[in-house]
Amino acid sequence: CTEEQLSLVTNQEAAMLKQAQANYLQEPTTTTMRRPRDRARSVLVQHATPCEWKQFSTLRPKVVIGRTMTERNGIESAWVQCCTRVDEIWVPTQWAA
């Protein structure tokens, strides 16, 4: 969540969302709140440009979705390889790159 999005919820909710996101995106450790078996059954939707999408080395979620948008006629060549990090790519319209 962006700071702008977090400003729309209560301070307690914002703190909980930040903690949940931090716990989810870090590599699993013995102190991580999320259990490995939960991650293996989960769906992750990442909202960013393709090369900012998380690349998992271990305990990848069952489905990883990359959501992005651009106001260009195409995509950057570097993004092509980064798109392999996700199972699906979601864009807002059929005309999105």
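Residues numbered from 1 in each chain as written. Predicted model: local features only at pLDDT ≥ 70, side-chain atom pairs only at ≥ 80, totals over all residues. Heavy atoms only, no water.

*Asks:* For this particular structure, what's the right way to read the overall build of the protein chain?
*Replies:* Scanning the protein chain from terminus to terminus reveals four helices and three strands. Secondary structure elements of the protein chain, listed N to C terminal, follow the sequence α-α-α-β-β-α-β. A burial count over the protein chain gives 24% of its 97 residues as buried. Pairs at least 24 apart in sequence give 35% of the contacts found in the protein chain among residues at least 6 apart. Looking at the protein chain as shown, the accessible area adds up to about 7200 Å², and 54% of this sits on carbon and sulfur atoms. (Helix = DSSP H or I, 4+ residues; strand = E, 2+ residues; numbered from the N terminus. Buried < 20%, exposed > 50% of the residue type's maximum accessible area, 1.4 Å probe, protein only. Contact = heavy atoms within 4.5 Å. Areas by Shrake-Rupley, 256 points an atom, 1.4 Å probe, with all protein chains shown as cover.)

*Asks:* What is the right way to look at the state of the cysteines in this model?
*Replies:* Put plainly, two cysteines are in a disulfide when a covalent bond ties their sulfur atoms together. Tallied over the full model, the rule gives one disulfide. Across a sulfur-sulfur distance of 2.1 Å, Cys51 and Cys82 are joined as a disulfide pair. The sign of the S-S torsion, about 90°, decides the handedness of the disulfide formed by Cys51 and Cys82: right-handed. Taken together, the positions of Cys51 in the loop between β1 (43-47) and β2 (63-67) and Cys82 in helix α4 (residues 77-82) put the pair 31 residues apart, joining distant regions of the chain. (Disulfide = S-S within 2.5 Å.)

*Asks:* Is there a simple way to explain the pattern of salt bridges in this structure?
*Replies:* Pairs can form between side chains of opposite charge once their charged atoms are near each other. Under the counting rule described, the total for this entry stands at two salt bridges. Residues Glu3 and Lys18 are paired through a salt bridge, measuring 3.5 Å at the closest nitrogen-oxygen approach. Residue Glu3 is found in helix α1 (residues 3-6), and its partner Lys18 is found in helix α2 (residues 11-25); the two are separated by 15 residues along the sequence. Looking at Lys18, the relative accessible area reads 42%, which means it is partly exposed. Among the salt bridges present, the one from Asp87 reaches Arg60, with a minimum N-O distance of 3.0 Å. Separated by 27 residues along the polypeptide, Asp87 in the loop between α4 and β3 (88-90) and Arg60 in the loop between β1 and β2 bring together distant segments of the chain. Its relative accessible area of 45% is what places Asp87 among the partly exposed residues. (Salt bridge = Lys/Arg side-chain N within 4 Å of Asp/Glu carboxyl O.)

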